[in-house]
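Listed here are the chains, written in short residue letters.
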Amino acid sequence: MSAGTYAPRPGAAPLSRMIAAQTALETRMLLRNGEQLLLTVIIPALLLVLFGSVDIVDTGAGDPVDFLAPGILALAVMSTAFTGQAIGTGFERRYGVLKRLGASPLPRWALMTSKTLSVLVTEVLQVVLLTVIAFALGWSPHGNPLAVLLLLVLGTAAFSGLGLLMAGTLKAEATLAAANLVFLLLLVGGGVIVPMDKFPDAVATVLGLLPIAALSDGLRDVLQHGAGVPWGDLGILAVWSVLGLGAAARFFRWE
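Every value quoted in this text rests on a predicted model; they were computed, and no experiment measured them. (Residues numbered from 1 in each chain as written. Predicted model: local features only at pLDDT ≥ 70, side-chain atom pairs only at ≥ 80, totals over all residues. Heavy atoms only, no water.)

## As for the overall build of the protein chain
Heads up, the rule is: Where helices and strands are cited, they refer to DSSP runs of H or I of at least four residues and of E of at least two residues respectively, numbered from the N terminus. What the globule rule says is 2.2 Å times the number of residues to the power 0.38, and the radius of gyration is computed from C-alpha atoms. Think of it in three bands: with a 1.4 Å probe and only protein chains considered, a residue is buried below 20% of the maximum accessible area for its type, exposed above 50%, and partly exposed in between. Contacts between residues were defined by any pair of non-hydrogen atoms, one from each residue, lying within 4.5 Å. Areas reported as accessible are Shrake-Rupley estimates using a 1.4 Å probe. Residue values count occlusion only from the protein chains shown.
When you go through the protein chain residue by residue, the secondary structure sums to 10 helices and 0 strands. The secondary structure elements of the protein chain, listed N-terminal to C-terminal, are α-α-α-α-α-α-α-α-α-α. The C-alpha radius of gyration of the protein chain comes to 20 Å, within 12% of the 18 Å expected for a compact globule of 255 residues. Projecting the C-alpha coordinates of the protein chain onto the three principal axes gives extents of approximately 80 × 35 × 35 Å. For the protein chain, with 255 residues in total, the buried portion stands at 47%. Long-range pairs, those at least 24 residues apart, make up 82% of the contacts in the protein chain with a sequence separation of at least 6. Here the protein chain has roughly 12500 Å² of accessible surface; of this, 70% comes from carbon and sulfur atoms.

Printed below as a string of structure tokens:
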């Protein structure tokens with residue numbers, strides 16, 4: 001049989017098409033997962049409505065939603081890029097899904113790229129939903145949208161690297177417990193809902209170096225106070241991005 005008889009022609013699809021298809025699959029799987037949806041969408045939305053409507057935490061002068069909305073946006077990034085991705089990838093690794101996908105025509109780096117793109121797609125949906133809720137609560141944001149975008153992208157990179165590092169080095173059950181514990185601890189101590197000035201100075205200084213604190217403070221400086229580019233917070237996020245992604249690439253185990 002002569003060459004060219006087969007239709008369609010056998011062979012791997014173009015790399016861009018494989019990444020797009022895998023990204024769409026990863027996004028559908030994430031949005032269909034009830035537990036992940038609770039973590040990434042419902043909890044941040046409920047926290048924004050609850051603390052934005054009821055005077056539970058002293059957020060200082062001004063409307064509480066102006067303080068809370070940037071912090072909840074940072075929480076949404078962490079819940080998707082870190083907690084959700086760590087748990088999902090950890091169990092995929094345990095069940096051998098990653099091993100099988102690693103043997104497919106899709107390169108392993110392209111699989112990780114697809115997961116990151118899926119996170120970004122989900123975050124766009126989160127940001128739209130939380131912004132609509134915040135506006136309904138009377139939010140009046142300020143500042144440069146490009147600075148906000150840069151903060152969100154670097155925050156995603158930082159949390160994505162840390163999530164993949166955890167998923168690729170710990171057992172799935174340990175990842176599940178650790179990711180949820182970190183989520184709860186950073187929710188309280190990361191400047192998301194409780195202002196950093198409520199902590200002792202020494203504690204606040206240490207907490208301020210965490211990626212969630214840098215992201216929430218940076219977003220708050222821009223959106224609440226109308227500041228320019230928060231280079232200090234961006235620098236902290238950049239360091240965490242390099243460390244997290246570098247360590248994930250070095251130590252991630254596929255089996």
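## Structural notes on the nonpolar core
What counts, and what does not: The term nonpolar core refers to a set of buried residues drawn from Ala, Val, Leu, Ile, Met, Phe, Trp, Tyr and Cys, joined through side-chain atoms within 4.5 Å.
Ranked by internal contacts, the top residues of the largest apolar core, which has 49 residues, are Leu48, Leu75, Met78, Phe159, Leu215 and Leu219. Mapped by element, the contributors of at least two residues to this core are α2 (34–53), α3 (64–94), α5 (108–136), α6 (145–169), α7 (172–189), α9 (211–223) and α10 (231–251). Broken down by element, this core gets its largest block of residues, 16 residues, from α3. Non-local contacts of leucine 48, meaning those with residues more than four positions away in its chain, are made with Ser53, Val65, Leu68, Ala69, Ile72, Leu130, Ile133, Ala134 and Leu137.

## Focus: the packing of aromatic side chains
The condition that has to hold: The pairing test for Phe, Tyr and Trp rings, Trp by its six-membered ring, is centres within 6.5 Å, and the orientation test on the planes gives stacked under 30 degrees, edge-to-face over 60, and tilted for anything in between. A ring has a charge above it when a Lys NZ or an Arg CZ is no more than 6 Å from the ring centre and no more than 35 degrees off the ring normal.
Evaluation of the coordinates by the stated rule reveals 3 aromatic pairs. Consider the rings of phenylalanine 91 and tyrosine 95, whose centres lie 6.1 Å apart with planes at 40 degrees: the pair is tilted. Taken together, a centroid distance of 5.4 Å and an interplanar angle of 70 degrees make the contact between phenylalanine 252 and tryptophan 254 edge-to-face. Assigned by exposure class, phenylalanine 252 and tryptophan 254 land together as buried. Stacked on the ring of tryptophan 254, the Lys or Arg arginine 108 has its end atom at 4.6 Å from the ring centre. Its end group placed over the ring of phenylalanine 67, arginine 220 keeps NZ or CZ at 3.8 Å from the ring centre.

## Some details on the packing of α6 against α10
Heads up, the condition is: Axis angles are defined between N-to-C directions and span 0 to 180 degrees, where every axis is a line fitted to C-alpha atoms and, for a helix, only to the segment in contact. Throughout this description, any angle smaller than 35 degrees is read as roughly parallel, any larger than 145 degrees as roughly antiparallel, any in the 65 to 115 degree range as roughly perpendicular, and the remainder as oblique. Left-handed describes a crossing whose near helix is turned anticlockwise from the far helix by less than a right angle; the clockwise case is right-handed. Ten residue types, Ala, Val, Leu, Ile, Met, Phe, Trp, Tyr, Cys and Pro, are classed as nonpolar, four, Asp, Glu, Lys and Arg, as charged, and the remainder, Gly among them, as polar.
For the pair α6 and α10, the least separation of the axes is 8 Å and the interaxial angle reads 30 degrees. The angle between α6 and α10 falls in the class roughly parallel. Along this stretch, α6 crosses α10, giving a crossing that reads as left-handed. On α10, the residues touching Leu150, Leu151, Leu154, Gly155, Ala157, Ala158, Gly161, Leu162, Leu164, Leu165, Gly168 and Thr169 of α6 are Asp233, Leu234, Leu237, Ala238, Trp240, Ser241, Gly244, Leu245, Ala247, Ala248 and Phe251. For the contact of α6 with α10, a count of residues per class yields 16 nonpolar, 6 polar and 1 charged.

## What about helix α1 (residues 15–32)?
Where we set the bar: Expected helix span is given by 1.5 Å per residue-to-residue step, counting one fewer step than there are residues. Summarising the geometry, the arc corresponds to the directions from the helix axis toward the C-beta atoms.
The terminal C-alpha atoms of α1 lie 26 Å apart, and with 18 residues this matches the ideal 26 Å at 1.5 Å per residue to within 8%. For α1, every residue scored as buried is listed here: Met18, Ile19, Gln22, Thr23, Glu26, Thr27 and Leu30. Looking down the long axis of α1, one finds its buried residues gathered within 165 degrees of arc, a one-sided arrangement. Facing away from the buried side of α1 by more than 90 degrees, the exposed set consists of Arg17 and Arg32. Tucked inside the fold, the buried residues of α1 contact α2, α3, α4 (97–102) and α5.

## Topic: α7
Helix length check: α7, at 18 residues, gives a terminal C-alpha distance of 25 Å against a target of 26 Å (1.5 Å per residue), a fit within 8%. Where α7 is buried, its residues contact α2, α3, α6, α8 (201–207) and α9. At the C-terminal side of α7, glycine 191 shows a positive phi close to 75 degrees.

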